[in-house]
Amino acid sequence: MLPRLARVVTQTSKLRSLTTNGSMKNLSFFSRYGYATVAPAAAVPPLQKDFPSKSPINLDKMFWSKPCSLALPKDSPLRIDEPDYVGIRRFILKLMMFYSKQSMSIRGANVIYKRIIAQVDKPAIYDVFNLEKTFKITFSLLVLHMWLVLRRLKEDGQEGVDLGQYVYEIYNHDVELRVSKAGVNLLLAKWMKELERIFYGNVVAYDAALLPEAKPNELQIKLWRNVFSDDGTTTPDNTDLKAAQAMARYVRRELGSLSLTDKESIFSGNFSFTPLENKPL
C-alpha cells in the first residue's frame with residue numbers, strides 16, 4: 001500500500017532527493033533536476049509527435065486574463081450529477097450504503113479524475129505548449145494537474161484532504177495501467193515506486209515555487225525542468241522559454257480559477273479546466 005497522501009501535507013520537509021539503482025530503458029524520463037536526480041536513461045530514438053500543431057500559436061498573448069470559476073453550468077452536458085432515485089430503489093440503495101459519505105466521495109473522486117485526464121489527454125495541451133506526446137511528458141502533465149486539484153482540495157480542510165486521498169488512489173491505479181500499456185510488465189512494483197517518488201518530488205517543488213520567498217520565475221524553472229527538459233539541466237531556447245513562461249501563467253491562472261470554484265462543484269467533479277484552444281486566454 002502506498003503512503004497516504006497526507007505525507008504531502010505534513011511531511012514534505014522530510015522528502016529528500018534519492019538516486020535510482022535500476023536500469024531505465026523503456027520509459028526514459030527519470031533524469032530530473034535536484035530533488036529527483038537519477039541515473040541517465042539509455043538513449044532512445046526520437047519519438048514522433050502524436051499531435052502536431054496545426055497553426056502557429058502566439059504564446060505571448062495567452063493566459064493573461066483574470067481567473068474565473070471553473071464550475072460547470074447546471075445545464076452543461078458535461079455535468080455528472082448524483083443519481084436521485086426515489087421510492088423502493090432509493091431505500092434499497094441506502095441499505096447498500098450507496099448514499100454513504102464514503103461511497104459519494106469515491107464517486108466524486110472518480111469524476112474529478114475524469115476532469116484531470118480529459119485535460120491531460122487532449123491534443124490541445126500538446127499543441128499549445130509545443131510538446132511531444134510521450135509517456136514522460138504525459139506523466140509530467142498528469143502530476144501537474146493532480147497537484148492543482150489536490151492543492152484546491154486542501155483549501156477545504158480535512159474533508160478535502162480525505163477526498164484527495166481517493167483521487168490519489170484512482171490516479172495511482174491509472175498510472176499503473178499506463179505503465180503496463182507502455183510495455184513495462186516486469187518489475188512493475190519497482191517502476192511504481194519510482195513514479196511515486198517523482199510525484200512527491202514534483203509536488204514539493206511546485207509548492208515551494210509558490211512560497212512568498214520564492215523567486216518570481218521559480219515556477220517557470222520548475223515547469224521547465226519537470227515537463228519540457230529531457231534531463232532537467234539543459235538551457236531552454238527562445239521557443240521553449242516562451243512555452244515554459246506561458247505554462248507558468250496557465251498554472252497560476254488555473255490555481256486562481258480553482259480557488260474561485262465553489263466547494264460543491266469541486267467535490268462533485270462538476271468543473272472543467274480552462275479549454276486550451278488556439279486563442280488568447
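Up top is the structure.
About the criteria used
- Residues numbered from 1 in each chain as written.
- Predicted model: local features only at pLDDT ≥ 70, side-chain atom pairs only at ≥ 80, totals over all residues.
- Heavy atoms only, no water.
- Helix = DSSP H or I, 4+ residues; strand = E, 2+ residues; numbered from the N terminus.
- Buried < 20%, exposed > 50% of the residue type's maximum accessible area, 1.4 Å probe, protein only.
- Contact = heavy atoms within 4.5 Å.
- Expected span 1.5 Å × (residues − 1).
- Axes fitted to C-alpha atoms, helices over the stretch in contact; angles between N-to-C directions.
- Parallel < 35°, antiparallel > 145°, perpendicular 65-115°, else oblique.
- Left-handed = near helix turned anticlockwise from the far one by under 90°.

### What to know about the environment of Phe 271
No. 1: If you trace the backbone, Phe 271 turns up in the segment after helix H10 (263-268).
No. 2: Owing to a relative accessible area of 1%, Phe 271 belongs among the buried residues under this scheme.
No. 3: Separated by 201 residues in sequence, Phe 271 and Leu 70 have C-alpha atoms that sit 5.2 Å apart.
No. 4: Apart from the residues within four sequence positions on either side, Phe 271 is in contact with Leu 70, Ala 71, Leu 72, Ile 112, Arg 115, Val 149, Leu 258, Thr 261, Ser 265 and Ile 266.

### Quick look at helix H6 (residues 157-181)
No. 1: Relative to the 36 Å expected for 25 residues at 1.5 Å per residue, H6 spans 36 Å between its end C-alpha atoms, a close match to the ideal helical length.
No. 2: Trailing H6 by a residue or two, Gly 183 shows a phi angle of about 105°, which is positive.

### Things to note about unusual backbone geometry
No. 1: The backbone of Met 97 shows a phi angle near 65°, a positive value even though the residue is not glycine.
No. 2: Mapped onto the elements of the fold, Met 97 is located in the loop between helix H2 (87-95) and helix H3 (101-120).
No. 3: For Asn 130, which is not a glycine, the phi torsion comes out positive at approximately 55°.
No. 4: Along the chain, the position of Asn 130 falls in the loop between helix H4 (123-128) and helix H5 (135-154).
No. 5: Judged by relative accessible area, which is 45%, Asn 130 ranks as partly exposed.

### Some words on the packing of helix H7 (residues 188-209) against helix H8 (residues 218-228)
No. 1: Contact geometry of H7 with H8 gives a least axis separation of 8 Å together with a crossing angle of 160°. In this view, H7 runs roughly antiparallel relative to H8, as classed from their interaxial angle. Every pair of crossing elements has a handedness; the one defined by H7 and H8 is left-handed. Here Asn 202, Ala 205, Tyr 206 and Ala 209 of H7 come into contact with H8, specifically with Glu 218, Leu 219, Lys 222, Leu 223, Asn 226 and Val 227.

Function cannot be read off these values alone, since they describe shape.
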